[in-house]
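Results of the structural survey
This is what each chain is made of:
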Amino acid sequence: MKGLLIKNLMCMKKRIYVFAFLFVGVLIMAIMYVVSAKYGNIALAYQNALAEGGEDEFNIQALSEIVLLVVMILPIAELVDGTKLFASDSKAGFAKVAAGMPLSIGKRVSSFFATTLILLGIGIAADVFIAFVLSVVLADMALISFGDFILSIVVIACVMAMFNALNMLFCIFLGPGKEQKATETTITVITIGLILINIKKVIWFAKDLIITLSKGFNQAEGPEVEISTVFDIIGWIKDKAAVLLIVTLAISALSYVASIFIAKRKRGAV
Amino acid sequence: MDEIRNVIEVKNITKDYGDFKLDNISFAVPEGSVCGFIGQNGAGKTTTIRLILDVIRADAGEVFLFGENIKNDSAKLREDIGIVYDEMGFHEFMTGRDINIMMKNIYKNWDEKAFFDYLNKFALPAKKKCGDFSRGMRMKLQIAVALSHNAKLLIMDEPTSGLDPIVRNEMIQIFREYVVEEDHSILLSSHITADLEKLADTVVFINGGKIVLAGNKDDMLETHGLVKCKKEELDSISKSLIVNVQPGVYGCEVLVNDRAACEKLYPGMVVEPANLEEIMLFYVNKAAEDSKEAR
């Protein structure tokens, strides 16, 4: 399996270079943001927003967190994409070469999961380093504590790992050359999952929307349900980080077992 | 006397895809021999090879490699097999060095020195991306990989198709050198019969998912003959000798399955030796006519 791991990492060589550039870029951007939020134009904008009563302290803090989170998600997102491995193998026709090697189907599937796990680890390490710089090295300007950063990184890593685990399962299920379709299927499944989890809110929202449309926007009293803001969602996810971690582990394990099962049934897919 | 061991034994294999069926095929490749697996495109050669390598599973029947059923541990058995396909299969960005790093971590018996010696021998630059190689170079790279882990058996699926005659000849020479070792065997699938005529000890003919002819190549060439005669003379030839009849330049051409008997029975007729290509064509046409009649 080590040989396939090496091959997979060779396939991701270009992406690892892009990741290295992104990592440096993200680090510089994040430092610039933190400095500006403390002493520069962003700090000024926040002071104005507070003075005008548009935002409160909590929202300003959360906004900074979102900005840094979005920036920090980039290096991991660049690295953790198992479909690129499948696409690279499909293009080369490597599956038939692999099928002739003295490796079981289980080991061949495991090599894909292990590779993305290694890459996820590298991405997490990079983000932890950025967090360390922003919260410990630049402690005087720190907007977010190291602990909060770690929590956010756990959330990012969980979301990416879940997405990737499902993506790889669908790549194996749909077969070589269908990587784009696999990603579309993953997005569809996650969207349906989110809708089902929030079905109550979705129904209430739909009802209110119908009422609003039927009465006309001016007469409508607004939705009865409180719609969550992005701050609420981030807060909720971080509160439930442990649950998210367990769910991620469960989905990844399930995806791994199901992938091996499907690959054994289909044969020749990996 | 030692019993001859079969490195490949295919027993009553059936695989039904709906639109194509590999129908109860059986054959064996004895140790130390070269088996030519002949058939036109779509005859079932690649499917059979995929079944032998346990890439796909048969609906019925069994495959034995080196005397062991592949169902037990096909991955372990593949350690002793070198495989060459009609297309390369390695990523185009990979160099010979990259492939060496990958393979030495996959095959227990990977011989790094042998691999680089083969690259030198085949004039393949180790630092050049294999995507920049010509078709001939790509095939040679596959052969270098297949020969560098002390494989006891080479399985090759159309390795010479699309290559110019000079490269094809070079490759046949490489295969000849490989089988000099007593325990080395080759299963060579091809529709280029001229290559097999130079190399094969035994031949297995497959057509439409069925084995139509199998046996020793020299015996096959020795027994079969081509009779060129007029249509009126055709009725005088015993039906049991005739494999198939095709229209020819001066009347018709008849493939007979016992040249010696034909020469003896019909001294006035000219019976020429038939080559593998002619034998394949006559058998394929016969199978087509038989299936037409059956419908």
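Remember, predicted model here, so these are calculated numbers, not experimental data.

So, about the packing of aromatic side chains. All told, the structure shown has 11 aromatic pairs over all chains when counted by the stated rule. Ring centres of F23(A) and F129(A) lie 5.9 Å apart, and the angle between their planes is 50 degrees; on these two criteria the pair is classed as tilted. One end of the pair, F23(A), is in helix 2 (residues 13–39); the other, F129(A), is in helix 7 (residues 105–137), and 106 residues separate them in sequence. Ring pairing ties together the aromatic residues Y107(B), W110(B), F115(B) and F116(B), which thus form one cluster.

What follows concerns the sheet that holds strand 11 (residues 225–229) of chain B. Residue and element names in this part refer to chain B. Taken in spatial order, the 4 strands of this open sheet run 12-13-11-14, and their pairing is antiparallel. The sheet terminates laterally at strand 12 (242–248) and strand 14 (271–273), the two strands that pair on one side only. Between one strand axis and the next, the sheet turns by 30 degrees as a mean value, whatever way the strands run. Bridge count for strand 11 against strand 14 is 3 bridges, and the pairing is antiparallel. Each bridged residue has a counterpart across the sheet, and for G225 the counterpart in strand 14 is P273.

All names here are of chain B. Relative to strand 2 (residues 21–30), strand 1 (residues 6–16) is paired through 7 bridges, and the arrangement is antiparallel. Bridge pairing links I13 to I25 in strand 2. Hairpin connection from strand 1 to strand 2: 4 residues lie between these consecutive antiparallel strands, with G18 at a positive phi of about 90 degrees.

Tracing the backbone shows P102(A) in the loop between helix 6 (94–99) and helix 7. In this structure, the C-alpha to C-alpha distance between P102(A) and M1(A), residues 101 residues apart in sequence, is 9.7 Å.

Positive charge collects at one region of the surface, where K13(A), K14(A), K91(A) and K129(B) lie side by side. Along the chain, K129(B) turns up in the loop between helix 4 (112–121) and helix 5 (135–147).

Moving on, we come to the domain arrangement of chain B. Accessible area lost during the coming together of the parts is what is often quoted as the interface size. Residue and element names in this part refer to chain B. By the assigned domains, chain B splits into domain 1 (6–215) and domain 2 (221–294). Spacing between the C-alpha centres of domain 1 and domain 2 amounts to 33 Å. Each partner contributes residues to the interface: domain 1 has 12 residues there, and domain 2 has 10 residues. Roughly 890 Å² is buried in total at the junction of domain 1 and domain 2, and carbon and sulfur atoms are behind 78% of that figure.

With that out of the way, let us pick up the interface of chain B and chain A. Contacts between the two partners involve 25 residues from chain B and, on the opposite side, 23 residues from chain A. Both sides together, the interface formed by chain B and chain A hides about 2100 Å², and carbon and sulfur atoms give 65% of it. Together, H91(B), N105(B) and I106(B) form the three largest contributors to the area buried by chain B at its contact with chain A, with a combined 26%. Joining chain B to chain A, the criterion identifies 1 salt bridge. The partner of K96(A) in a salt bridge is D86(B), with the nearest N and O atoms 3.8 Å apart. Taken together, the connections running from chain B to chain A amount to 8 residue pairs in polar contact (both at pLDDT 80 or more).

Definitions and cut-offs
- Residues numbered from 1 in each chain as written.
- Chains lettered and ligands numbered in written order.
- Predicted model: local features only at pLDDT ≥ 70, side-chain atom pairs only at ≥ 80, totals over all residues.
- Heavy atoms only, no water.
- Phe/Tyr/Trp six-rings, centres within 6.5 Å; stacked < 30°, edge-to-face > 60°.
- Helix = DSSP H or I, 4+ residues; strand = E, 2+ residues; numbered from the N terminus.
- Pairing = 2+ DSSP bridges.
- Axes fitted to C-alpha atoms, helices over the stretch in contact; angles between N-to-C directions.
- Patch = residues over 30% accessible without salt bridge, like charges linked within 9 Å, V, L, I, M, F, W, Y side chains within 5 Å.
- Areas by Shrake-Rupley, 256 points an atom, 1.4 Å probe, with all protein chains shown as cover.
- Salt bridge = Lys/Arg side-chain N within 4 Å of Asp/Glu carboxyl O.
- Lys, Arg positive; Asp, Glu negative; His and termini not counted.
- Charge placed at Lys NZ, Arg CZ, Asp CG, Glu CD.
- Domains from an automatic or database assignment.
- Contact = heavy atoms within 4.5 Å.
- Buried area = accessible area lost by both parts, 1.4 Å probe.
- Polar contact = N/O pair within 3.5 Å; in protein donor to acceptor, adjacent residues only side chain to side chain.

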